[in-house]
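Residues per chain are reported as follows:
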Amino acid sequence: MKQIDSFNIARLHTQEDFNFQTRVRNLAEECLTLETDKAMVDGYKESVNTLDAALKQSDKNSFTALMNEADAKADKRWSATYAYAKAMMEHPEREKADAAATIVGLFQKYGVLTTMGFDEEYGRFANLIQDIAALPAETKECIYFDSWFDAMDLAVCQFQDLRTEKTKEDSTRVIGWVKEARLAADNSYKLLVQRVNALVIVNGETAYGNFIDRLNVMIAEAQALISGRSTKAAKKREKDEDNKE
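Residues numbered from 1 in each chain as written. Predicted model: local features only at pLDDT ≥ 70, side-chain atom pairs only at ≥ 80, totals over all residues. Heavy atoms only, no water.

*Asks:* It is not clear to me how the overall build of the protein chain should be interpreted in this structure. Could you clarify?
*Replies:* What the protein chain contains, in helices and strands, is eight helices and zero strands. Each helix and strand of the protein chain, ordered N terminal to C terminal, gives the series α-α-α-α-α-α-α-α. For the protein chain, the C-alpha radius of gyration of 28 Å lies well beyond 18 Å, the compact-globule estimate for 245 residues. Projected onto the principal axes, the alpha-carbon positions of the protein chain cover approximately 95 × 45 × 25 Å. (Helix = DSSP H or I, 4+ residues; strand = E, 2+ residues; numbered from the N terminus. Rg over C-alpha atoms; globule rule 2.2 N^0.38 Å.)

Spelled out as structure tokens, the structure:
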């Protein structure tokens, strides 16, 4: 007698879980068409649709637009400050040209920040700002660099503050509604599996065989995904250990 394979759905990441359950929902609508299956399928569909709504809501964050605007401002400050320092390298007074060259060297050390993702960009921004702040006061003062530096530093701080607030809001949403919706959907999936495995014994494979066969293929794909992720993680740990030696 055909049965749905055992599968620990909790091992999937949240988005993987949703993708898997969306496919199961669509498969159930296609294959489980007996009148007696309707309540079971409708209950499962409702739980998956609720998870969908929770995930979509978690993508909406009141700080996203403000954070992106702050990033654009920080990028503009970086570009303008760097351009000013490069221009001052051509100053006719040697002392000022040398001071500007020192500052330009720090900018070049960390690359073009405006082309990087947030994590890398603002990690490098922090290091750049620390390096410039550590320069002798006269290096900055002689080319009137303090106001440029302060404006860039402020723009970075404003971005970081908004990103912190966005993260707090994201965390609240994920921990709350998404977590609850996923747990409900996972439990609903388990109940669906239990019922189909029982119903196939009562009603036979004709009504449920196609659903079971196709779901088992999807389960095998999901398990392969989990296994592949575990293998990559193990290899990374081995590589990290080798690098420590």
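This is not the end of the story, as more comes after the structure.
*Asks:* Just to check I follow, could you spell out the side chain of Ser47 for this structure?
*Replies:* Positionally, Ser47 belongs in helix α2 (residues 38–58). When residues no more than four places from it in sequence are discounted, the contact partners of Ser47 are Ala184, Ala185 and Ser188. (Contact = heavy atoms within 4.5 Å.)

*Asks:* What's the story with the packing of aromatic side chains in this structure? I'm lost.
*Replies:* Geometry of an aromatic ring pair is reported as the spacing of the ring centres plus the angle between the planes. A complete count under the given rule lists eleven aromatic pairs for this structure. Between Trp78 and Phe107, the aromatic rings sit 6.0 Å apart at their centres with planes inclined by 55 degrees, giving tilted as the arrangement. Placement of Trp78 in helix α3 (residues 64–88) and of Phe107 in helix α4 (residues 94–109) is noted, with a sequence separation of 29 residues between them. Overall, the relative accessible area of 4% leaves Trp78 in the buried class. Under the relative-accessibility criterion, Phe107 is labelled buried at 1%. Chaining the aromatic ring pairs together yields one cluster made of Phe118, Tyr122, Phe125 and Phe159. Against the face of Tyr82 rests Lys86, its NZ or CZ located 4.5 Å from the ring centre. Sitting above the plane of the Phe149 ring, Lys140 keeps its charged end 5.8 Å from the centroid. (Phe/Tyr/Trp six-rings, centres within 6.5 Å; stacked < 30°, edge-to-face > 60°. Buried < 20%, exposed > 50% of the residue type's maximum accessible area, 1.4 Å probe, protein only. Lys NZ or Arg CZ within 6 Å of the ring centre and 35° of its normal.)

*Asks:* What is the right way to read helix α1 (residues 14–31) from this model?
*Replies:* Count 3.6 residues to each turn of an α-helix, and residues three or four apart come out pointing the same way. A rise of 1.5 Å per residue sets the reference length of α1, with its 18 residues, at 26 Å; its end C-alpha atoms lie 25 Å apart and thus fit the reference within 8%. Where α1 is concerned, the buried positions are Glu16, Asp17, Phe18, Phe20, Gln21, Thr22, Val24, Arg25, Leu27, Ala28 and Cys31. (Expected span 1.5 Å × (residues − 1).)

*Asks:* Help me out: how do you make sense of the confidence of the model for the protein chain in this one?
*Replies:* For residues with low pLDDT, the predicted coordinates do not support detailed interpretation. On average, residues of the protein chain carry a pLDDT of 91, and 92% of them reach 70 or more. In the model of the protein chain, helix α8 (residues 205–244) stands out as the element of lowest mean pLDDT, 81, in contrast to α4, which has the highest, 97. (pLDDT = per-residue confidence, 0-100.)

*Asks:* How should I be thinking about the nonpolar core in this particular structure?
*Replies:* Phe7, Phe20, Leu32, Tyr189, Val196, Phe211 and Leu215 are the most contacted members of the largest nonpolar core, which has 34 residues in total. Once residues within four sequence positions are removed from consideration, Phe211 is found in contact with Ile4, Val24, Leu27, Ala28, Cys31, Leu32, Leu192 and Val196. Membership of the second largest hydrophobic core comes to 30 residues, among which are Met67, Ile103, Tyr110 and Cys142. (Core = buried A, V, L, I, M, F, W, Y, C linked by side-chain atoms within 4.5 Å.)

*Asks:* Looking at this structure, how should I read the pattern of salt bridges?
*Replies:* Close approach of charged atoms lets side chains of opposite charge pair. A complete count under the given rule lists 15 salt bridges for this structure. Here Lys109 ties to Asp131 by a salt bridge, and the two come within 3.2 Å at their closest N and O atoms. In this pair, Lys109 sits in helix α4 while Asp131 sits in helix α5 (residues 118–133), placing the two residues 22 residues apart along the sequence. The exposed category is assigned to Lys109, whose relative accessible area is 54%. Judged by relative accessible area, Asp131 falls into the partly exposed class, the value being 22%. (Salt bridge = Lys/Arg side-chain N within 4 Å of Asp/Glu carboxyl O.)

*Asks:* Would you explain unusual backbone geometry in this entry?
*Replies:* Residues other than glycine predominantly adopt negative phi, and peptide bonds predominantly adopt the trans conformation. The phi dihedral of Tyr144 falls on the positive side, at around 55 degrees, and the residue is not glycine. Note that Tyr144 resides in the loop between α6 (137–141) and α7 (146–203).

*Asks:* Teacher, can you tell me more about the side chain of Asp75 here?
*Replies:* Tracing the chain through its elements places Asp75 in helix α3. Buried within the structure, Asp75 lacks any salt-bridge partner; its nearest side chain of opposite charge belongs to Arg77, at an N-O separation of 11 Å. When near neighbours in sequence (up to four residues on either side) are disregarded, Asp75 contacts Thr114 and Glu121. (Lys, Arg positive; Asp, Glu negative; His and termini not counted.)

*Asks:* Teacher, can you tell me more about the environment of Leu191 here?
*Replies:* Its place among the elements puts Leu191 in helix α7. The exposure class of Leu191 is partly exposed, given its relative accessible area of 37%. When the C-alpha atoms of Leu191 and Val178 are compared, they prove to be 20 Å apart, with 13 residues separating the residues in sequence.

*Asks:* Help me understand the packing of α3 against α5 in this model?
*Replies:* Helix-helix packing: each pair is described by the crossing angle between the helix axes and the interaxial distance. Look at α3 against α5: their axes get within 13 Å of each other, and the N-to-C directions meet at 45 degrees. Relative to α5, the element α3 lies oblique. The handedness of the crossing between α3 and α5 is left-handed. Contact with α3, carried on its side by Met67, Asn68, Asp71, Ala74, Asp75 and Trp78, involves Phe118, Glu121, Tyr122, Phe125 and Leu128 of α5 and no other residues of that element. Among the residues forming the contact of α3 with α5, the class breakdown is seven nonpolar, one polar and three charged. (Axes fitted to C-alpha atoms, helices over the stretch in contact; angles between N-to-C directions. Parallel < 35°, antiparallel > 145°, perpendicular 65-115°, else oblique. Left-handed = near helix turned anticlockwise from the far one by under 90°. Nonpolar A, V, L, I, M, F, W, Y, C, P; charged D, E, K, R; others polar.)

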